[in-house]
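Structural characterization, general
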Amino acid sequence: MTALNRVPSLMVRAGTASALTIAAVGGSVVVPGVASDAAAATPATKALQVAASKKGSPYKWGATGPRRFDCSGFTLYSFKKAGKKLPRTAAQQYNKTHHISSKSRKAGDLVFFHSGSSVYHVGIYAGKGKIWHAPKTGDVVRLQKIWTKSVWYGRVS
């Protein structure tokens, strides 16, 4: 059903159904090729898409892209492309995010690996217990199952 199907027939027949008229009678305007707010990609979704597009990029300590990454450089780059600013290190990123429980995690949230109270690694949650991350020297950006329970979650706002 299109928006015009919901507009009183008199306005449609007369050719006077403007966007304001449709809104005034409780209808909605459908514009081809334009996503609704609900369907629009969130920054977290965009960051996840950027992360996945970097699959196979080599790890390099201290690198922030676009061809090589370390773990926090990878998350910084992915969210920057999605319009969000993050600090440089994993620990700084943890301190900048809204901390959430594992039950509340969503695709696009950050996953922080810690030993005691020290954060040492970060990746982007992809769903189903997996993350996109830049693992270590000699490795490449890849999707991997979370291998430990020593993780915290953070949401970029």
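Moving on to the pattern of salt bridges. A full pass over the atoms with the stated rule returns 3 salt bridges. In this structure, R88 engages D70 in a salt bridge whose closest nitrogen and oxygen atoms are separated by 2.8 Å. With a gap of 18 residues between them, R88 in the loop between α4 (71–81) and α5 (90–96) and D70 in the loop between α3 (43–53) and α4 connect regions that are remote in the sequence. Between R155 and D109 there is a salt bridge; the shortest N-O distance is 2.8 Å.

F74, F79 and L110 are the most contacted members of the largest nonpolar core, which totals 23 residues. Of all elements in the fold, only α3, α4, α5, β2 (110–115) and β3 (118–127) reach the threshold of two or more residues within this core. Of all hydrophobic cores here, the second largest spans 8 residues; its members include I100, F113, Y125 and I146.

Before going further, it helps to spend a moment on the environment of C71. By secondary structure assignment, the location of C71 is in helix α4. We classify C71 as buried; its relative accessible area is 10%.

Before going further, it helps to examine the sheet that holds β2. Strands sit in the order β1-β6-β2-β3-β4-β5 across an open sheet of 6 strands; the sheet is antiparallel. The open sheet has two edge strands with one neighbour each: β1 (98–100) and β5 (142–145). On average, each strand axis in the sheet is tilted by 40 degrees relative to the strand beside it, whichever way the strands run. Both strand β4 (residues 130–133) and β5 contribute to a ladder of 4 bridges, which runs antiparallel. Directly across from K130, in β5, lies its bridge partner K145.

The rules behind the values
Residues numbered from 1 in each chain as written. Predicted model: local features only at pLDDT ≥ 70, side-chain atom pairs only at ≥ 80, totals over all residues. Heavy atoms only, no water. Salt bridge = Lys/Arg side-chain N within 4 Å of Asp/Glu carboxyl O. Helix = DSSP H or I, 4+ residues; strand = E, 2+ residues; numbered from the N terminus. Core = buried A, V, L, I, M, F, W, Y, C linked by side-chain atoms within 4.5 Å. Buried < 20%, exposed > 50% of the residue type's maximum accessible area, 1.4 Å probe, protein only. Pairing = 2+ DSSP bridges. Axes fitted to C-alpha atoms, helices over the stretch in contact; angles between N-to-C directions.

That is the geometry; function is a separate question.
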